[in-house]
Amino acid sequence: MRSPRALLFDIDGVLMVSWKPVRGAAQAVARVRAAGIGVAFLTNTSSMPGRTIAERLSAGGIAVDASEVFTAARAAAGYIESHHPGARCLLVNSGSPGEDLAGITLVEDGANLVLTGGAGEEIGYETLNRAFRLLLGGAPLVVMQRNWYWTTVDGPQLDMGAFVVGLERAANVSGTLVGKPAPQFFEAVLGQLGVEAHEAVMVGDDVESDVVGSQVAGATGVLVRTGKFRPEMLARASQEPNHVIDSVADLPDLLGINGGSGPL
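Residues numbered from 1 in each chain as written. Predicted model: local features only at pLDDT ≥ 70, side-chain atom pairs only at ≥ 80, totals over all residues. Heavy atoms only, no water.

Trainee: How do you make sense of the side chain of T152 when you look at a structure like this?
Mentor: Within the secondary structure, T152 is located in strand 10 (residues 149-152). Residue classification places T152 among the buried residues on the basis of a relative accessible area of 16%. Here the side chain of T152 touches D154 through a polar contact of 3.1 Å, landing on its backbone nitrogen. Here the side chain of T152 touches G155 through a polar contact of 2.8 Å, landing on its backbone oxygen. The residues touching T152, leaving out its near neighbours within four places in the chain, are V17, S18 and Q157. (Helix = DSSP H or I, 4+ residues; strand = E, 2+ residues; numbered from the N terminus. Buried < 20%, exposed > 50% of the residue type's maximum accessible area, 1.4 Å probe, protein only. Polar contact = N/O pair within 3.5 Å; in protein donor to acceptor, adjacent residues only side chain to side chain. Contact = heavy atoms within 4.5 Å.)

Structure (structure tokens):
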């Protein structure tokens with residue numbers, strides 16, 4: 001294929017781990033930008049708004065503007081405004097997406113919609129049971145992400161996917177996914193970039209959420225062996241990545257940028 005017009009980067013596990021930059025990540029992004037390729041940063045992280053994520057990336061040497069960060073929380077806000085206008089939402093999430101949920105009404109009592117984000121220590125039985133009862137009562141379930149875990153410097157941490165599956169099974173409902181790997185999430189980002197799916201490459205450490213999700217949307221998927229990557233996950237993936245590289249630092253060479261081995 002021709003060199004891509006846009007590079008879509010997952011953040012956690014690809015560019016940063018526990019908000020410390022992966023070795024060579026800053027240089028790789030800089031080389032991609034210098035080659036005139038558009039970039040966007042796609043994340044299911046919902047513990048902070050995209051503005052803060054951009055600030056943390058920039059502090060780690062990866063210069064990013066807030067407008068280039070696309071979060072699952074922003075996708076959730078757009079979906080709720082379109083499909084459930086005026087909804088009163090119970091947010092089950094660690095941290096706060098802040099302004100990424102601007103316009104969405106969040107309540108503790110009297111909710112009529114359950115919105116799940118990421119897991120954390122503060123997600124306890126009381127909150128999950130309140131969500132369960134709302135779902136039993138007919139409230140819709142909107143899911144930012146179904147990730148099973150994420151990686152930190154201290155090791156893997158359980159994410160919200162396990163709790164979402166439990167709520168769905170217990171209440172006999174199906175949640176609407178709005179973040180990765182939902183095709184609509186990738187399509188919305190590509191639409192804002194003005195790029196066709198076949199002109200884009202997605203780089204991620206989660207073979208299903210990042211790579212296969214982008215491939216289903218029509219993009220090229222590149223898996224990195226950092227972050228949450230596990231060989232067994234690749235072996236049982238529903239679809240093979242187009243490319244597998246050791247680290248995002250190897251991406252410019254894969255793309256043939258600045259003396260690399262040639263275009264994809």
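Trainee: Sorry if this is basic, but what is going on with the nonpolar core here?
Mentor: Most often, soluble globular proteins keep nonpolar side chains buried together rather than apart. Core analysis: the biggest nonpolar cluster contains 32 residues, and L7, F9, L15, V32, F41, V203 and L251 have the highest contact counts within it. Those elements giving two or more residues to this core turn out to be strand 1 (6-10), strand 2 (16-17), helix 1 (25-34), strand 4 (38-43), helix 2 (50-59), strand 13 (200-204), strand 14 (220-224) and helix 9 (251-255). For this core, the leading source of residues is helix 1, giving four residues. The residues contacting L251, other than those within four sequence positions of it, are L7, F9, V32, V203 and I245. (Core = buried A, V, L, I, M, F, W, Y, C linked by side-chain atoms within 4.5 Å.)

Trainee: Honestly, the pairing of strand 11 (residues 155-158) in this entry has me stumped. Any pointers?
Mentor: Each regular strand carries side chains that alternate between the two faces of the sheet. Bridging between strand 10 and strand 11 involves four bridges; their strand directions are antiparallel. Along strand 11, the bridge assignment pairs T151 with P156. Where strand 10 folds back onto strand 11 in an antiparallel hairpin, the turn is made up of two residues. (Pairing = 2+ DSSP bridges.)

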